[in-house]
Amino acid sequence: MEWNKPVSEMGPGNEVEGFYLLKAAASKVTTSGKPFLAATVGDKTGSIDVKVWDYAGPVGAADVGKIVKLRGEVSSYRGALQFTAGRIRLAGPNDQYDISAIVPVAPIDTDGTLAMVESLISSLEDPDYRQVCTVLLDRHRQAFRSLPAGKSVHHSFLSGLLMHTANMLKIADFLSGIYGQTVNRSLLLTGTLLHDFGKEREFSLSELGTVTDYSTEGQLLGHLVMGAMEVDQLCRERNIPREKALLLEHMILSHHGEPEFGAAVRPVCAEAELLSLIDMLDSRMEIYAEALHDVTPGQFSQRVFALEKKLYRHE
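Quick caveat, the model's predicted, so the values are computed rather than measured.

1. Concerning unusual backbone geometry
Of note, the amide linkage connecting glycine 57 to proline 58 takes the cis form, showing an omega dihedral of 15°. With respect to the helices and strands, proline 58 occurs in the loop between strand S4 (46–53) and strand S5 (67–77). A positive phi is found at arginine 78, a non-glycine position, where the angle reads about 55°. Note on placement: arginine 78 falls in the loop between S5 and strand S6 (80–90). You will see that asparagine 239, though not glycine, has its phi angle at about 55°, which is positive.

This is the structure we're talking about:
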């Protein structure tokens, strides 16, 4: 019996026991009328289908997003691996497991990265923009440091939003030095920090903090609109000059660049244009990193849906 064997290393004949993330579950009945559970479990290396025969609960669809403990054997069924579990239960408060082995986590030092973000904020020359950053970072601090940046396309791991935004802030700070005659550094960095704060309300999360779906607000409004609304309200409460508030709201509403990519409006000031380009740059580089991770040098990846092409990993 192998303990917590990574899904990517499982093969026919393996007997495995361990903790995995329940990604899907459905209670079903065989043609002979016996209940069984059809599920999918996974860890940070991959996913595998699970069957639990003669099983009527208690684990079921309501537990998707939770950690379960399984014991059983891996086999091959119609060309795909399948885990037949003799036992399954929800993980309990006294169980010990490494969450970073089960759920992907950003490869960053969260405390150090957050400190870097705060240092950049404290360096903003404009007191109004600095105030907006400070208040909203304090309001969203816990979610900012732990949320994924997306459901699946890029940075969709714990602390992905912090990693994505920190990368963007470093790029924005660098480019503000190159284009100092054209862009306002305080405005650019403020818009960059705030651009995805609306995702805290846009996502529905599992108990582990992974994104399972989009909230009702997220589907009806989206994080661009919700982020702009929050900035508008705060700026009115703090008597921030109206033009500064409008510029920040415009940056949030336009940071996806084009309406076909989800932007409410197209960017029409230099800082908004840069923000949309920086956002695309960091998201695309992460897509490359994730897509090429398991590709052999000299080979192409499978077609990457988000980029609509295969990617090549060179030597």
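2. Some remarks on the environment of leucine 189
Along the chain, leucine 189 turns up in helix H5 (residues 185–194). Sequence-distant contacts of leucine 189, that is, excluding residues within four places in its chain, are made with Leu120, Leu124, Leu169, Ala172 and Asp173.

3. Concerning the pattern of salt bridges
For the structure shown, the criterion picks out 19 salt bridges. Its salt-bridge partner being arginine 141, residue aspartate 138 comes within 2.8 Å of it at the nearest N-O pair. Of this pair, aspartate 138 and arginine 141 both sit in helix H3 (residues 127–146), three residues apart, roughly one helical turn. Owing to a relative accessible area of 49%, aspartate 138 belongs among the partly exposed residues under this scheme. The structure contains a network of salt bridges with shared partners spanning Asp232, Arg236, Arg242 and Glu249.

4. Notes on the side chain of aspartate 279
Inspection of the secondary structure assignment puts aspartate 279 in helix H10 (residues 270–292). For the buried aspartate 279, no salt bridge exists, and the shortest N-O distance to an oppositely charged side chain is 6.7 Å, to lysine 199. One polar contact links aspartate 279 to histidine 164, side chain to side chain, over a distance of 2.9 Å. The contacts of aspartate 279, once residues within four sequence positions are left out, are His164, Met168, His195, His255 and His256.

Procedures and definitions
Residue numbers run consecutively from 1 along every chain, following the written order of its sequence. A pLDDT threshold of at least 70 governs which residues receive local features in this predicted model, and a stricter bar of 80 or more applies before side-chain atom pairs are shown or counted, although totals over entire chains, interfaces and linings include all residues. Side-chain figures throughout are based on the complete set of non-hydrogen atoms in the structure, without hydrogens or water. Segments assigned H or I by DSSP are reported as helices when at least four residues long, segments assigned E as strands when at least two residues long, and all are numbered from the N terminus. Contacts are assigned to residue pairs that have any heavy atoms within 4.5 Å of one another. A pair is scored as a salt bridge if a Lys or Arg side-chain nitrogen falls within 4 Å of a carboxyl oxygen belonging to Asp or Glu. Relative accessibility decides the category of a residue: with a 1.4 Å probe and only protein chains considered, values under 20% of the type maximum give buried, values over 50% give exposed, and everything between is partly exposed. Neither His nor the chain ends contribute to the count of charged residues, in which Lys and Arg are positive and Asp and Glu negative. Counted as a polar contact is a pair of N or O atoms within 3.5 Å, where, for protein atoms, one must be capable of donating a hydrogen and the other of accepting one, and residues adjacent in sequence contribute only when both atoms are in side chains.

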